[in-house]
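Residue-level listing of the chains:
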Amino acid sequence: MCYTFQGEFITKESETYESSRLLWNRAYNFKPKGIIFCKTVFDVCTAVNFVRSCNERFTVCCGGHHMIGACSMNDGYVINVSRLNDCIVDLRNCTITVGCGGRNRTLCGECDRNGYLFPSRDSLGGVCSWCLGGGIGNCCRHNGLGCDQLLEIEMVDYRGDIIIANDYCNRDLFWAVRGAGLCNFGIVTSLVFRLREQIQTITYFEVAISHSSRTNIIDFFDVWQNSISSFDWSMNCHAEISNTFHMGLCVRSYGISFLSVEQTRDQLRVFTSIRGLTITVEEKRYTSYLNQLERCYSPYEYYNATGRFVNQKYTISELEGITDIVYRRRPEGSIFTSIQLDGLGGAISSFDKSATSYYYRDASYLMTLKTQWFDSSFQRENNYWFDKKFDYIHDLTYGSYILEPYGKLKNYEVEYYGENVHMLREIKYRYDPYNLFRLDQGITI
C-alpha cells in the first residue's frame, strides 16, 4: 500500500542536517546518510518500505537520548519518530494514548491537568523508550513499572504494515515489548496506558550529608541498602554518591512518598545515626518535583554511564570498594563521577519474572556508574577509567538494565533479559523473520 509522505527527508546537503544529527550525549558524533522525520504512522510505514526496498542500514530515533548512541549511525538512515508526539486523555476509560515521540514532560503534564499522576522517571526522556525498556520510575515501588501500566501498543512491522498488540491480540508480541527495549520487533508508534488513582500532591523528601568523608559515605550506603527493601511500598528512594569538579564529594538521597509528611519523616529515621545529615520533607505537586529534576540537566552532555541490578546486601569491605570508585581521583577532564542508586522492589516484585520480558523483578535496586567530562578531548581518558570501574561493578551485580546499556558487554542478551532471552528470540523470528531491525545489541535470531 502506498502512502503520501508528510514528513521531512534530510540529507547531508540539507541546511538543518548538522543540527538534526546531534544527540544529547555528544560522546557520539554520527553522520548518517539521511534522517527521515516522520509525522504520521503512515510516514513510518513509508520509511520502513524505503529502507527495506533499498536494502539500507537504518536505526530508529525517538528523542536522541540513547546512552550508547544507538539512535543514530554512520552511513545509514535514521528513522526519526520524535514528531509523533500526540497525547490524548480518555477520562471515560481512564487511559492516556501517547505517540512514540512523546516526552515524559508532556505526558506527566497532561495527566496532571486531569488530576492524575504518571509514574515516569524524569521529565526529559521519551515515553516510548522508557516504557519499552521496563520503565523504572519514581513510583515503581508503589505502582509497578511503566510497562506494567501499558495496555496496548501500535507497531509498524518489517513489511511496513500496522499491527496492534495487547492482552487479546498478538499477546506474545505484547509480552515481548514490555521490557525488551526499542525496535527489536518493529517500530512502536503509539502506546496506551491505564491511568491510576487521582493524586493531587506527593510528599517529597531529601536526605543530604554536608561534609562527606569516606567513612560517612560508607555508613550512608550501608544504611541505604538495608532500608530500601524495608521502606513502605508507597515510598521510593534514590541516592547519589558523587565526586564533582565544583563541590568535591557529595552525598544525597531523595525521592517521593504517597505517605503523609509525618509518616515519611518516620520512615527516614533510619538515616539519623549518620553524622552531618539533614532531612527535608515537604508536600508538593508531582510535576513540580519533575521540574526540579529537569533543572539539573544540561542542554547536552559528554558522558559514559551504565546501570546494573543488585539483589544482595554488600559487606563493609565491598561497600568500601564501591565507594572508592567515587572517592578517589576523577579521570582527567571529568566534571563528576558518580554511583547512582534507584530503589526497586515493592510492587515490581509482586509480578513473576516471566510476567513480561523485563526480567529483574527481584532486584533490590539499580546501581548506575557514570562519568561526565568537559568536551571531546577528554573522552579517551574517561572511557578508560569507566571500563576499569565497570569490571569491578560487574562482578558485584547480576544483570544490566537495557535502558542503560554497556557497549562492551559479553553475552549481552542474557545480561539484559536473563532466562527470558530464549522466548524473545522466538518472538523476534515470528515478527521480524528477515531481521530487518538489526540494532546495536539487539535480539538475535
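Colleague: Teacher, can you tell me more about the nonpolar core here?
Modeller: Where a protein is soluble and globular, its nonpolar side chains tend to be buried together. One finds Ile-79, Phe-185, Leu-191, Phe-193, Phe-271 and Met-367 to be the most contacted residues of the largest nonpolar core, which totals 124 residues. In this structure Phe-271 touches Val-207, Phe-220, Val-223, Trp-224, Ser-227, Phe-231 and Leu-277, once residues within four positions along its chain are discounted. Within the second largest apolar cluster, 9 residues are counted, among which are Tyr-17, Phe-37, Cys-61 and Cys-71.

Colleague: Help me understand helix α11 (residues 379-394), please; the structure alone is not making it clear to me.
Modeller: It helps to recall that an α-helix has 3.6 residues per turn; residues three or four apart then point in one direction. Its 16 residues place the ends of α11 22 Å apart at the C-alpha level, agreeing with the 22 Å of an ideal helix rising 1.5 Å per residue. Within the sequence span of α11, burial applies to Asn-382, Trp-385, Phe-386, Asp-387, Phe-390 and Ile-393. Looking at the buried positions of α11, the neighbouring elements they touch are β14 (302-310), α10 (316-327), β15 (334-343) and β16 (365-373).

Colleague: How should I be thinking about the packing of helix α7 (residues 214-227) against α10 in this particular structure?
Modeller: Two measures define how a pair of helices packs: the angle their axes make with one another and the distance between the axes. Interaxial distance between α7 and α10 falls to 10 Å at its minimum, and their mutual angle equals 120°. On the basis of their axis angle, the class for α7 and α10 is oblique. In this structure, α7 crosses over α10, and the sense of that crossing is right-handed. Contact residues: Arg-214, Ile-217, Ile-218, Phe-221, Asp-222 and Gln-225 in α7; Ile-316, Leu-319, Glu-320, Ile-322, Thr-323, Asp-324 and Tyr-327 in α10. By residue class, the composition of the contact of α7 with α10 is 7 nonpolar, 2 polar and 4 charged.

Colleague: Looking at this structure, how should I read the side chain of Asn-216?
Modeller: Mapped onto the secondary structure, Asn-216 falls in helix α7. Dropping the residues within four chain positions of it, Asn-216 is found in contact with Ile-209, His-211, Ile-274 and Arg-275.

Colleague: Could you clarify how one ought to interpret unusual backbone geometry in this entry?
Modeller: Among all residues except glycine, the phi angle is most often negative; among peptide bonds, the trans geometry is most common. Positive phi values are uncommon outside glycine, yet Asn-411 reaches one of about 55°. With respect to the helices and strands, Asn-411 occurs in the loop between α11 and α12 (412-417). Given a relative accessible area of 52%, Asn-411 falls into the exposed group.

Colleague: I tried to follow the sheet that holds β14 on my own but got confused; where do I start?
Modeller: Sheet strands line up and pair through hydrogen bonds in the backbone, either parallel or antiparallel. Pairing within the open sheet is antiparallel, and its 7 strands lie in the order β13-β10-β12-β11-β15-β16-β14. In this open sheet, the two edge strands, each paired with only one partner strand, are β13 (277-284) and β14. Adjacent strand axes in the sheet meet at a mean angle of 15°, parallel and antiparallel pairs treated alike. Against the sheet, helix α9 (residues 286-294) makes contact with β10 (202-209), β11 (235-244), β12 (248-257) and β13, and its axis sits at roughly 160° relative to β12, the strand it touches most. Relative to the sheet, α11 contacts β14, β15 and β16, its axis offset from that of β16 by approximately 160°.

Colleague: Help me out: how do you make sense of the environment of Tyr-416 in this one?
Modeller: With respect to the helices and strands, the residue Tyr-416 is situated in helix α12. Here Tyr-416 falls in the buried class, since its relative accessible area comes to 3%. As for Tyr-416 and Arg-141, which are separated by 275 residues in sequence, their C-alpha atoms are 21 Å apart. Those residues in contact with Tyr-416 that sit more than four places away from it in its chain are Tyr-360, Ser-400, Tyr-401, Ile-402, Pro-405, Tyr-406, Leu-409 and Gln-441.

Colleague: Would you explain the pairing of β16 in this entry?
Modeller: Strand residues, when the strand is regular, have side chains that alternate between the two faces of the sheet. Summarising burial for β16: 9 of the 9 residues are buried, a large majority. Direction of pairing for β15 relative to β16: antiparallel, over a ladder of 9 bridges. Each residue of the ladder has a partner; that of Ser-338, found in β16, is Lys-370.

Procedures and definitions
- Sequence order as written defines the numbering, with residues in each chain counted from 1.
- Predicted model: local features are reported for residues with pLDDT of at least 70 only, side-chain atom pairs are reported and counted for 80 or more only, and whole-chain, interface and lining totals are derived from all residues.
- In computing side-chain properties, one takes all heavy atoms of the structure into account and sets aside hydrogens as well as water.
- To define a nonpolar core, start from buried Ala, Val, Leu, Ile, Met, Phe, Trp, Tyr and Cys residues and group those joined through side-chain atoms within 4.5 Å.
- Throughout this description, buried means an accessible area under 20% of the type-specific maximum (1.4 Å probe, protein chains only), exposed means over 50%, and partly exposed covers the range between.
- Contacts are assigned to residue pairs with any non-hydrogen atoms lying within 4.5 Å of each other.
- In DSSP terms, a helix is any run of H or I states spanning at least four residues, a strand is any run of E spanning at least two, and both are numbered starting from the N terminus.
- Any helix carries an expected span of 1.5 Å times its number of residues minus one.
- Here an axis means a line fitted to C-alpha atoms, over the contact stretch when the element is a helix, while the angle between two N-to-C directions is reported on a 0 to 180 degree scale.
- Any angle that is under 35 degrees is reported as roughly parallel, and any over 145 degrees as roughly antiparallel; angles of 65 to 115 degrees are reported as roughly perpendicular and all others as oblique.
- In a left-handed crossing the near helix is turned counterclockwise from the far helix by less than a right angle, and in a right-handed crossing that turn is clockwise.
- The classification used treats Ala, Val, Leu, Ile, Met, Phe, Trp, Tyr, Cys and Pro as nonpolar, Asp, Glu, Lys and Arg as charged, and all other residues, Gly among them, as polar.
- Two strands pair if DSSP finds at least two bridges between them.

Shape is all these values report; function is a separate question.
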